[in-house]
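# A look at the structure
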Amino acid sequence: SLFITILLLFYSISLIGYGMFLQKAQVSATLQQVIYDGMNERFRVFPNYIKGLFSSPDKFVIDLKFEDLQQLNFVRAKVLEKGYIEKAYKDLEVNAELTILGKKYKIKLSPTGQNLDMIGNPDKYALKVKVKDEKSIYGMREFKLLPPRSRHNLVEWIGHEIEKRENLIALKYDFIELSINGDSKGVYAIEEHFNKELLEYNHQKEGIMFALDYDNNIKIFNKNKIMSTAFGENQFYLLNSKWQSFCNDDIHIGKVLDLDKFATFFAIVDLMDGHHAAIQQNLKMYFN
């Protein structure tokens, strides 16, 4: 019928117009590059998989008293009931011993995390480690042991590597094999905590690291230590004054934040689809 003929003609003209648009926008060339890159990477999957089978990450062996392990398991069960991890539960600390390559360290273990993906698996939940006796492991006195899935497996590691290349402050982040009281827990991610060792490793002066709470108030890391010195106390009041001035629209944001570095950071976050890192309480900053 005439209606079908007109419809087919309109459809054909639309396809021609769309093809002209794709050619002008070089979309075809982009798709060819995507296919080429995909095929190129595909051939690397098998040898990389074989390399992974023969990889040998450092083995962390944790030993602690049965009662202390039960305390950690009890807290995990209570957190699952509530649906979130309260600060009171994170304050629980138990003594333990960590052995790496035959060397023993005295440590404290505590539950950690904000979301239930950190503790959902009964055999693989997140722990915070504090190394005692002024010692450090991999240059860290505090770090987290995390189920890799809670950090999107390799994605988090790639993000930190990009941050290093862009001269941003990047956490030490790697993978280890963990066993607790002889029970193998498989591969864990090890993530550095926010303290002065992080700044030293990134060639920064010692200063305040902080985040914002839901009311836009400043929450600083290691507050007791920072506020114990006149310099640290003065830095905190200066930081708080600048932040309040910004919140009151008295000064431009560029007077408070390094916008170039923020732009780079958010570009990496977007690239990694890691938008949880940009959520208010997850966004960690350094007062230079």
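Residues numbered from 1 in each chain as written. Predicted model: local features only at pLDDT ≥ 70, side-chain atom pairs only at ≥ 80, totals over all residues. Heavy atoms only, no water.

### Focus on the overall build of the chain
As a reminder, the rule being used: Each helix is a run of DSSP H or I of at least 4 residues and each strand a run of E of at least 2, with the numbering of both proceeding from the N terminus. Each residue is assigned to one of three classes by its accessible area relative to the maximum for its type, calculated with a 1.4 Å probe on protein chains only: buried under 20%, partly exposed between the two thresholds, exposed over 50%. Residues are treated as being in contact if the distance between any of their heavy atoms lies within 4.5 Å. To be clear on the numbers: accessible area is Shrake-Rupley with a 1.4 Å probe, and residue cover counts the displayed protein chains and nothing else.
A tally of helices and strands in the chain yields nine helices and ten strands. By the burial criterion, 34% of the 288 residues in the chain qualify as buried. Within the chain, counting contacts between residues at least 6 apart in sequence, those at least 24 apart form 55% of the total. Of the roughly 18800 Å² that the chain leaves accessible, carbon and sulfur atoms contribute 57%.

### Examining the pattern of salt bridges
Short version of the rule: One side-chain nitrogen of Lys or Arg within 4 Å of one carboxyl oxygen of Asp or Glu is enough to make a salt bridge.
In this structure the tally under the stated criterion is ten salt bridges. Its salt-bridge partner being Arg-141, residue Glu-134 comes within 3.0 Å of it at the nearest N-O pair. Glu-134 gets classed as exposed once you look at its relative accessible area, which sits at 61%. With relative accessibility at 30%, the residue Arg-141 sits in the partly exposed group. The partner of Arg-141 in a salt bridge is Glu-197, and the shortest N-O contact between them spans 3.7 Å. Separated by 56 residues along the polypeptide, Arg-141 in the loop between β4 (127-131) and β5 (142-146) and Glu-197 in helix α6 (residues 196-201) bring together distant segments of the chain. With a relative accessible area of 13%, Glu-197 lands in the buried category.

### A word on the sheet that holds strand β1 (residues 59-63)
To summarise the sheet geometry, strands pair through backbone hydrogen bonds and adopt either a parallel or an antiparallel arrangement. Applied cut-off: A pair of strands is labelled paired if DSSP reports no fewer than 2 bridges between them. Axes, fitted as lines to C-alpha atoms, cover a helix only where it is in contact. Angles between the N-to-C directions of the axes lie from 0 to 180 degrees.
Here we have seven strands rolled up into a closed barrel, ordered β1-β2-β3-β4-β5-β7-β6, and mixed in their pairing. Averaged over neighbouring strand pairs, the angle between their axes works out to 40° when direction is ignored. Those strands touched by helix α3 (residues 66-82) are β2 (94-100), β3 (103-111), β4 and β6 (173-180), and its axis lies near 105° from that of β2. Along the sheet face, helix α5 (residues 154-165) touches β6 and β7 (183-192) and points at about 140° away from the line of β6.

### Brief notes about the packing of aromatic side chains
The following threshold applies: Classification of ring pairs uses Phe, Tyr and Trp, with its six-membered ring standing for Trp, and accepts pairs whose centres are within 6.5 Å; under 30 degrees between planes counts as stacked, over 60 as edge-to-face, and the remaining range as tilted. Placement of a positive charge over a ring is assigned whenever Lys NZ or Arg CZ falls within 6 Å of the ring centre and within 35 degrees of the normal to the ring plane.
Counted by the stated rule, this structure contains eight aromatic pairs. Among the aromatic residues, ring-to-ring pairing joins Phe-60, Tyr-138 and Phe-143 into one connected group. Sitting over the ring of Tyr-201, Lys-172 keeps its end group 4.4 Å from the ring centre.

### A word on the pairing of β5
For β5, a buried count of five out of five residues is recorded, marking the element as mostly surrounded by other parts of the structure. Neither face of β5 is open: one carries Glu-142, Lys-144 and Leu-146, the other Phe-143 and Leu-145, and all of them are buried. Where β4 lies against β5, four bridges are found, and the strand directions are antiparallel. In the strand pairing of β5, Leu-127 is matched with Leu-145.

### Remarks on α5
Filter applied, for reference: One less than the number of residues in a helix, times 1.5 Å, gives the span that helix is expected to have. Here the arc refers to the directions that run from the helix axis out to each C-beta atom.
Between the first and last C-alpha of α5 there are 17 Å, a value that for twelve residues agrees with the 16 Å anticipated at 1.5 Å per step. By the burial criterion, the buried members of α5 are Glu-156, Gly-159, His-160 and Glu-163. Down the axis, α5 shows its buried residues gathered within 95° of arc, on one side only. Of the exposed residues in α5, the ones pointing more than 90 degrees away from its buried face are Leu-154 and Arg-165. Among the structural elements, β6, β7 and α9 (259-271) are those in contact with the buried residues of α5.

### Thoughts on the nonpolar core
Inclusion rule: What makes a nonpolar core is a set of buried Ala, Val, Leu, Ile, Met, Phe, Trp, Tyr and Cys residues whose side-chain atoms join them at distances within 4.5 Å.
Of all hydrophobic cores here, the largest spans 31 residues; its most connected members are Phe-60, Ile-62, Leu-64, Leu-109, Phe-143 and Leu-145. Among the elements of the structure, β1, α3, β2, β3, β4, β5, β6 and β7 are those that each provide at least two residues to this core. With near-sequence residues (within four places) excluded, Ile-62 lies in contact with Ala-96, Glu-97, Leu-98, Ile-107, Leu-109, Leu-145, Leu-178, Ser-179, Ile-180 and Asn-181. Counting residues in each nonpolar core, the second largest holds twelve residues, with Phe-210, Leu-212, Ile-218 and Ile-220 among its members.

### Considerations on the sheet that holds strand β9 (residues 218-220)
Ordered in space as β9-β8-β10, the three strands form an open sheet in which the pairing is antiparallel. Of all the strands in the sheet, the pair left with one neighbour each is β9 and β10 (285-287). On average, each strand axis in the sheet is inclined to that of its neighbour by 45°, with strand direction left out of account. Sheet topology note: the strand β8 (residues 208-212)/β10 ladder contains three bridges and is antiparallel. Within β10, the position partnered with Phe-210 by the bridge is Met-285.

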